[in-house]
Amino acid sequence: MITILWFKRDLRVEDNPALAAAAAGEGPVLPLYIVEPEYWALPDSSARQWRFVAESLLGLAEDLARLGAPLAVRMGDAVEVLEGLRTTHGAMRLVSHEETGNLWTFARDGRVTDWARGQGVEWLELPQPGITRGLSHRRGWAGRRDKAMRMAQADAPKALAPHGVAPGETPDAQDLRLRFDPCPERQKGGRTRGLDLMQSFLEMRASGYLRGMSSPVTGAAACSRLSPHLAFGTLSPREVVQSLDCRRREEGAPKRALSAFSSRVAWRDHFMQKLESAPQMETHCLHPAYEALRPRAPDAERLEAWKQGETGLPFVDACMRQLIHTGWINFRMRAMLMAVASYHLWLDWRVTGLHLARLFTDYEPGIHWPQAQMQSGVTGMNTPRIYNPVKQGLDQDPDGAFVRKWVPELRPVPNAHLHAPWDWGGAGRLLGHGYPAPIVDPMKAARAARTRVWGVRDAPGFREDREALLARHAAGRPKPLRKPRKIPTQLSFEI
């Protein structure tokens, strides 16, 4: 009997429990990756993401070929592809890992479950380290997650029996009819690149992590840049955690920085678990009281200005333009982009969340959608955090180098006015001509948003619903929710 090893977001042979389980059975193993056109046509998918995956598949195919079982790439609907293999090969079993993806992949896995049951095919799904399917509360979750990260990594098999199936071709972005998406400084995919990044971070770059991670000026070098490799599984979270723990024990290691990074990897799993436990977070406010907070049909002019980096808020526009160009920006600036869209521009998080998802090469639904809601103040669990985009620019880009790079229209503006050019004496010659005037007054917009968001919390039944959400999703017992005396300018933590 043949075993189909279905790769999804686990594009590696090392520390891959699904591969180990498949290899432990009898008969040949057919490694399979299904390119699903319907998935890549979704509004949260993009060519930059596919190109990273395609590059990662090349490395995976090379590793599997060395084991004796080449990767088979097939394009089409998952159920139809699997049924075709069953028809050809007869009795089979299916092995994969559990995927915490978007609602589309959740529904697709449901259809595969129905197909497998109907055809008498055993489907073994292996859990991801640190993520628990079917969890109804968080009691003991952190301890189980940490234990999973300490467990021995799954060994790659020394060899696999040949399967005799043609490998097939990996399509390019044009084959999938993906929209034009150049992203000239996109990170490249593949396990080798992920290992190189991990090594350079642990041995050299981590020393600048605490100082440099918050600013887009220094974040590209100071941050690990492992996020796309974790999102698509060229590296496993467990091997990253164990590698940094080994480095932390070495003499001369930047222990504080590595501990901070370790905590952020744990926060990653915390948010992944949120979506695993509540997949509807992709489309519905976690706290139902916020469903009518913002118009579902967004202001088209504001939305387009935000998407293009043309809001007239220089630091916001610079961050958006960097993201368009590179597919990455540091976490604090991701949070600011989302928060400005939600509070200052009063746009619905579902619309802006989809746009950011397309731009992130490292799009991970389990992090993205809980964060989109958190930065928009609709979870009911977290204190709303409203960024001051002018202050963020002054704090993170004090000499204006970042803004001048990405918003060259502002080069004539003196440093003292760069982050608020409307206060500059020469603003009349520039704003509305070479660069747009701000589409909102940032302070007035923040005050109005704060009043609206906090007003929802006075509604009958709000606190009762919040308590139920905390019991299901909170990692620990949070402090009571208190209204801040002033508009906060930053998050309480980062991932």
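Quick caveat: nothing in here was measured; it's all calculated off a predicted structure.

Caption draft 1: Up close: the overall build of the chain. A tally of regular secondary structure across the chain gives 22 helices and 5 strands. In terms of overall size, the chain behaves like a compact globule, its C-alpha atoms giving a radius of gyration of 24 Å where 495 residues would be expected to give roughly 23 Å. In terms of overall dimensions, the chain has a C-alpha envelope of 75 × 50 × 50 Å along the principal axes. When each of the 495 residues of the chain is scored for burial, the buried share is 58%. A separation threshold of at least 6 residues defines the contact pool for the chain, and within that pool the share at least 24 residues apart is 81%. With the model as given, the accessible surface of the chain reaches about 20,800 Å², and the carbon-plus-sulfur share is 54%.

Caption draft 2: Representation of the nonpolar core within the structure. Formed by 63 residues in total, the largest nonpolar core has its most connected members in Tyr290, Trp306, Cys319, Met336 and Leu410. For this core, the element with the highest residue contribution is helix α15 (residues 331-344), accounting for 9 residues. Membership of the second largest hydrophobic core comes to 35 residues, among which are Leu11, Trp50, Val95 and Trp104.

Caption draft 3: View of the packing of aromatic side chains. One pass over the full model with this rule turns up 12 aromatic pairs. Judged by centre distance (5.0 Å) and plane angle (90 degrees), the ring pair of Tyr39 and Trp40 falls under edge-to-face. In terms of burial, Tyr39 and Trp40 fall into one category: buried. These aromatic residues form a ring-pair network of at least three members: Tyr39, Trp40, Trp50 and Trp104. Looking at Arg457, its charged tip hangs above the ring of Trp454, at a distance of 5.0 Å from the centre.

Caption draft 4: Main features of the side chain of Arg238. When you line up the elements, Arg238 lands in helix α11 (residues 237-248). Separated by 3.2 Å, the side chain of Arg238 and the backbone oxygen of Ala148 make a polar contact. In contact with Arg238, not counting residues within four places along its chain, are Asp15, Pro17, Pro129, Ala148, Met149, Met151, Ala152, Gln153 and Ala154.

Caption draft 5: Geometry of α15. Taking 1.5 Å of rise per residue, the 14 residues of α15 would be expected to cover 20 Å, and the 19 Å separating its terminal C-alpha atoms lies within 8% of that figure. By the criterion of burial, α15 is predominantly enclosed, with 14 of the 14 residues buried. A positive backbone phi angle near 55 degrees is found at Trp346, which sits one or two residues after α15.

Caption draft 6: Summary view of the pattern of salt bridges. Counted according to the given criterion, the structure contains 31 salt bridges. Between Glu99 and Arg108 there is a salt bridge, and its shortest N-O distance comes to 3.2 Å. Judged by relative accessible area, which is 9%, Glu99 ranks as buried. Owing to a relative accessible area of 4%, Arg108 belongs among the buried residues under this scheme. The residue Arg133 makes a salt bridge to Glu125 at a minimum N-O spacing of 3.8 Å.

Caption draft 7: Molecular detail of the sheet that holds strand β1 (residues 2-7). With parallel pairing, 5 strands are arranged side by side in an open sheet as β3-β2-β1-β4-β5. The two strands at the open ends of the sheet, each matched to only one other strand, are β3 (72-75) and β5 (122-126). Across this sheet, the average inter-strand angle for adjacent strands is 30 degrees, counted without regard to direction. Both β1 and strand β4 (residues 92-97) contribute to a ladder of 4 bridges, which runs parallel. Opposite Leu5, over in β4, you have Val95 as the bridge partner. Across the sheet, helix α1 (residues 17-24) lies against β1, β2 (29-35), β4 and β5, angled at about 160 degrees from β4, the strand it touches most.

Caption draft 8: How the structure looks around the pairing of β5. Here β4 runs beside β5; their pairing, made up of 5 bridges, is parallel. Residue pairing across strands places Ser96 opposite Glu125, the latter belonging to β5. For the handedness criterion, the β-α-β arrangement of β4, helix α5 (residues 103-119) and β5 is classed as right-handed.

Caption draft 9: Up close: unusual backbone geometry. The phi dihedral of Arg177 is positive, around 60 degrees, even though this residue is not glycine. With respect to the element layout, Arg177 can be found in the loop between α6 (141-150) and α7 (191-203). Overall, Arg177 belongs to the exposed group, its relative accessible area being 76%. Residue Trp346 is not a glycine yet carries a positive backbone phi of 55 degrees. Note on placement: Trp346 falls in the loop between α15 and α16 (349-359).

Caption draft 10: Just the environment of Pro157, in detail. Note that Pro157 resides in the loop between α6 and α7. Exposure remark for Pro157: the relative accessible area of 14% places this residue in the buried category. The spacing of Pro157 and Ala21 is 136 residues in sequence and 9.8 Å in space, taken between C-alpha atoms. Every residue in contact with Pro157, bar those within four places of it in the chain, is listed here: Leu19, Ala23 and Leu67.

What counts and what doesn't
Residues numbered from 1 in each chain as written. Predicted model: local features only at pLDDT ≥ 70, side-chain atom pairs only at ≥ 80, totals over all residues. Heavy atoms only, no water. Helix = DSSP H or I, 4+ residues; strand = E, 2+ residues; numbered from the N terminus. Rg over C-alpha atoms; globule rule 2.2 N^0.38 Å. Buried < 20%, exposed > 50% of the residue type's maximum accessible area, 1.4 Å probe, protein only. Contact = heavy atoms within 4.5 Å. Areas by Shrake-Rupley, 256 points an atom, 1.4 Å probe, with all protein chains shown as cover. Core = buried A, V, L, I, M, F, W, Y, C linked by side-chain atoms within 4.5 Å. Phe/Tyr/Trp six-rings, centres within 6.5 Å; stacked < 30°, edge-to-face > 60°. Lys NZ or Arg CZ within 6 Å of the ring centre and 35° of its normal. Polar contact = N/O pair within 3.5 Å; in protein donor to acceptor, adjacent residues only side chain to side chain. Expected span 1.5 Å × (residues − 1). Salt bridge = Lys/Arg side-chain N within 4 Å of Asp/Glu carboxyl O. Pairing = 2+ DSSP bridges. Axes fitted to C-alpha atoms, helices over the stretch in contact; angles between N-to-C directions. Right-handed = clockwise from strand over helix to strand, strands pointing away.

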